[in-house]
Amino acid sequence: MFVSNKKRMKNSTLLFRSLFFVILIAGSAHLVTYASKTRANGANSIENRVFLETSLEKNETGSRSEEKPTSSEKDDLTGTWKVNYNMEDFNGAILYKMKKEGGNYNAYIIEYQDEDGYGQEAENTKALTITSFDGYKGQGEYRVTYEGKTYNTDCTIEMVNMNVFKLSYDFYGYSDVETWKKQ
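Just so we're clear, the structure is a prediction, and the values are computed from it rather than from any experiment. (Residues numbered from 1 in each chain as written. Predicted model: local features only at pLDDT ≥ 70, side-chain atom pairs only at ≥ 80, totals over all residues. Heavy atoms only, no water.)

Some points on the nonpolar core
For soluble globular proteins, nonpolar side chains are generally found buried alongside one another. Counting 25 residues, the largest nonpolar core has Tyr96, Met98, Tyr142 and Trp180 as its most contacted members. Counting only elements with at least two residues in this core, the list comes to β1 (79-86), β2 (91-101), β3 (104-114), β4 (119-133), β5 (137-146), β6 (149-161) and β7 (164-171). The greatest single-element share of this core, amounting to five residues, is contributed by β4. The contact partners of Trp180, leaving out residues within four places of it in the chain, are Trp81, Lys82, Val83, Tyr96, Met98, Ala107, Leu128, Tyr142, Asn163, Val164, Phe165 and Leu167. (Core = buried A, V, L, I, M, F, W, Y, C linked by side-chain atoms within 4.5 Å. Buried < 20%, exposed > 50% of the residue type's maximum accessible area, 1.4 Å probe, protein only. Helix = DSSP H or I, 4+ residues; strand = E, 2+ residues; numbered from the N terminus. Contact = heavy atoms within 4.5 Å.)

This is the structure in structure tokens:
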């Protein structure tokens, strides 16, 4: 029943050594698995890059892809855009008319719609100015109305496809992302 300190020391040393080797073997197995996945992903990414480059070359010389806009289409934001809102003080949609004026795109509110789709003409108020746009991403200034006052805030534009873009802004800690859909 009585075990000497020397024997107890040997048992604990044996336990710690066993745990060390189990962790070492398991860690090595994980490291080898991770390394082989990384190497495979690297090879796949090279294969994917070559595939994409050849696909793009085929699209440039062959027929135009439906999803990829041409340079003139991707740069054209003009037209009517609709944004749906579901807020405490407004539940419905706003229609905007986007125009190219000078080097900027400007969006004007042309109609307010309630949740049933009934519309009321707006005063043609400027709500958005896009100052830079490369066809996929852009920067601009968005006008936010809060407690009856209008404020200008920086915003970013990111195209989802030719008919949809996301407008995101941060106004004194209140950030939002709006989805604009071309009509």
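Digging into the sheet that holds β5
As summarised here, the arrangement of the eight strands in space is β1-β2-β3-β4-β5-β6-β7-β8, forming a closed barrel in which the pairing is antiparallel. Across this sheet, the average inter-strand angle for adjacent strands is 30 degrees, counted without regard to direction. The pairing of β2 with β3 spans ten bridges and is classified as antiparallel. Along β3, the bridge assignment pairs Leu95 with Glu111. (Pairing = 2+ DSSP bridges. Axes fitted to C-alpha atoms, helices over the stretch in contact; angles between N-to-C directions.)

Concerning the packing of aromatic side chains
The geometry of an aromatic ring pair comes down to the distance between the two centres and the angle between the two planes. Inspection of the entire model under this criterion finds nine aromatic pairs. Here Phe171 and Tyr172 contribute two aromatic rings whose centre-to-centre distance is 5.0 Å and whose plane-to-plane angle is 80 degrees, an arrangement assigned as edge-to-face. Among the aromatic residues, those joined into a cluster by ring pairs are Trp81, Tyr96, Phe165 and Trp180. Above the plane of the ring of Tyr108 lies Lys99, whose end atom (NZ or CZ) is 5.2 Å from the centre. (Phe/Tyr/Trp six-rings, centres within 6.5 Å; stacked < 30°, edge-to-face > 60°. Lys NZ or Arg CZ within 6 Å of the ring centre and 35° of its normal.)

Thoughts on the confidence of the model for the protein chain
With 61% of its residues at a pLDDT of 70 or more, the protein chain shows a mean pLDDT of 76. Considering each helix and strand of the protein chain separately, the mean pLDDT is smallest for helix α2 (residues 71-74), with a value of 48, and largest for β3, with 95. Throughout residues 40-72 the model reports pLDDT below 50, and contacts reaching past four residues in sequence, or to other chains, amount to five contacts. (pLDDT = per-residue confidence, 0-100.)

Focus on the pairing of β5
Put simply, side chains in a regular strand alternate between the two faces of the sheet. Examined bridge by bridge, β4 and β5 share five bridges and lie antiparallel to one another. If you follow Ser132 over to β5, its bridge partner there is Gln139. The turn joining β4 and β5, which pair antiparallel and follow one another in sequence, is formed by three residues; a positive phi near 100 degrees is taken by Gly135. Of the strand pairs in this sheet, β5 and β6 are connected by ten bridges, and their pairing is antiparallel. Within the sheet, the bridge partner assigned to Lys137 lies in β6 and is Glu158. Two successive antiparallel strands, β5 and β6, enclose a turn made up of two residues, where Glu147 displays a positive phi of approximately 50 degrees.

Here we look at the side chain of Gln113
Structurally, Gln113 can be placed in strand β3. Overall, Gln113 belongs to the buried group, its relative accessible area being 11%. At 3.4 Å, the side chain of Gln113 and the side chain of Lys82 are in polar contact. Contact partners of Gln113, with chain neighbours within four places excluded, come to Lys82, Phe90, Gly92, Ala93, Leu95, Tyr118 and Gly119. (Polar contact = N/O pair within 3.5 Å; in protein donor to acceptor, adjacent residues only side chain to side chain.)

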